[in-house]
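Letter by letter, the chains look like this.
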Amino acid sequence: MKFSIQRYLGRMIFGLTVLGLISCSSAPKRPAEVFTVRNMAETQLELANQAADRGRYEEALDMLQEARRLAVSVDNPRLLILEGIARGNILYAQGYSGEAEAFWLNALGEAEAAGELELAGAVRIYMARSRLLAETAPAEAVRDQVRQEIAAMKTEKLYIAFGWIVIGLAERASGRWAEGEAAILQALAFHEKNNYLEKAAEDWYLIASIRSVSGQYDAALEALGKAIGFDRRSENSYGLGTDWRAMGDVYKKAGGEKDALTAYRRSIDIFSSIDLEREAADVESRLPK
């Protein structure tokens, strides 16, 4: 067999030399596992997800590229799965549902092959949400599937919380307002307890949407006020712009055009301050005539 052993011999000789240098009793105990590159990749993933939560999608994709490079370099299946989930989610948020589905399917295959069953369940939750929002699957079927997925999860708390959000969206689609809000409150409890400030703001935003569509305008404005509070705490300018835009929408639906105008102007100022001119223009188009 033409398998070169030169690399192995080189490693063995070097290793023996190093061992000879540190074999004294005062040498520190060698770690059983090294996490340096893994930690770097996890940091990139966290920063990418944070950037995506703030609407900085291209920046997030660049960070994910580096996270993937690091994950590949240490052949870490879990990191590769998380990168695939995150990339699919960002592409979906940008409107590329087909491309997002391809990344999710790839992440699902990786998770199943690696025995990462909870992460496989997380991927299926994302795909279920996609079918729900595209109206290609009945809301009740999505709700029941996601309940099964999160019931099988023990350690992936963030994805359990996300599952509750999808259940809330399914209940909203079915016109079950109280059940939808109760589901999202399950996610909110986890996000608030663990200081996921942007996620908590998103939860209150979704609660506001449920209250608004069910005609509870004052309660919707109250929920948006809480969303603004969390987005201020995290200095999430993109979130604040969307919160004030939604507040303008609710005021407008309720017949409060003066308050709607004030909220819309606030949203425009925030979006313009971070050079999101397309979002600012969208708000401009909603101004009361």
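Residues numbered from 1 in each chain as written. Predicted model: local features only at pLDDT ≥ 70, side-chain atom pairs only at ≥ 80, totals over all residues. Heavy atoms only, no water.

K.L.:
Please give an account of the pattern of salt bridges that cites residues and values.
P.N.:
This structure, assessed with the given rule, holds 17 salt bridges. With a shortest N-O distance of 3.4 Å, R68 and E83 are connected by a salt bridge. Here R68, found in helix α3 (residues 57-73), pairs with E83, found in helix α4 (residues 77-93); they are 15 residues apart in sequence, far enough to count as distant. Residue E156 pairs with R78 through a salt bridge whose shortest N-O separation is 2.9 Å. Taken together, the positions of E156 in the loop between α7 (139-151) and α8 (157-173) and R78 in helix α4 put the pair 78 residues apart, joining distant regions of the chain. For E156, a relative accessible area of 11% puts it in the buried group. (Salt bridge = Lys/Arg side-chain N within 4 Å of Asp/Glu carboxyl O. Helix = DSSP H or I, 4+ residues; strand = E, 2+ residues; numbered from the N terminus. Buried < 20%, exposed > 50% of the residue type's maximum accessible area, 1.4 Å probe, protein only.)

K.L.:
Please set out the nonpolar core residue by residue, giving values where relevant.
P.N.:
Formed by 53 residues in total, the largest nonpolar core has its most connected members in I85, V146 and Y159. Among the elements of the structure, α2 (36-53), α3, α4, α5 (97-114), α6 (117-133), α7, α8 and α9 (177-193) are those that each provide at least two residues to this core. In terms of residue count, α8 provides more of this core than any other element does, ten residues in total. Beyond its immediate sequence surroundings of up to four residues, V146 is in contact with I125, A128, G163, V166 and I167. (Core = buried A, V, L, I, M, F, W, Y, C linked by side-chain atoms within 4.5 Å. Contact = heavy atoms within 4.5 Å.)

K.L.:
Let's hear about the confidence of the model for the chain: which residues, and what values?
P.N.:
Residues of the chain with pLDDT of at least 70 account for 88%, and the chain-wide mean is 90. The model gives residues 10-23 a pLDDT under 50, and that stretch makes two contacts with residues more than four places away or in other chains. (pLDDT = per-residue confidence, 0-100.)

K.L.:
Give a detailed account of α6, specifying residues and quantitative values.
P.N.:
Taking 1.5 Å as the rise per residue, α6 with 17 residues should run 24 Å; its terminal C-alpha atoms sit 25 Å apart, in good agreement. A large share of α6 lies buried, amounting to 13 of its 17 residues. Positive phi shows up at E135, right after α6, with a value of about 60 degrees. (Expected span 1.5 Å × (residues − 1).)

K.L.:
Which residues make up the layout of surface pockets, and what are the values?
P.N.:
There is about 1,900 Å³ of room inside the largest pocket. As for the largest pocket, its lining consists of 46 residues, of which N49, D53, N89, K199 and E202 are closest to the centre. Breaking the lining of the largest pocket down by element, the ones donating at least two residues are α2, α4, α6, α8, α10 (197-213), α12 (237-253) and α14 (277-284). When its residues are assigned to classes, the lining of the largest pocket shows 22 nonpolar, eight polar and 16 charged. Of the voids in this model, the second largest pocket is the one considered here, and its volume is about 220 Å³. Lining the second largest pocket are L132, L133, E135, A137, L169, R172, A173, Y205, L206 and S209. Class assignment for the residues of the lining of the second largest pocket results in seven nonpolar, one polar and two charged. (1 Å grid on protein atoms, 1.4 Å probe; cavity = no way out; pocket = protein on both sides within 12 Å on 5 of 7 lines; lining within 4 Å. Points joined across faces, edges and corners; volume = space filled by probe spheres on them. Nonpolar A, V, L, I, M, F, W, Y, C, P; charged D, E, K, R; others polar.)

K.L.:
Kindly report on unusual backbone geometry, identifying the contributing residues and their values.
P.N.:
Of note in this structure, E135 is not a glycine but carries a positive phi near 60 degrees. Relative to the assigned elements, E135 resides in the loop between α6 and α7. A positive phi angle, close to 60 degrees, is found at D275, a residue other than glycine. On the secondary structure map, D275 appears in the loop between α13 (257-273) and α14. D275 sits in the exposed class, given a relative accessible area of 63%.

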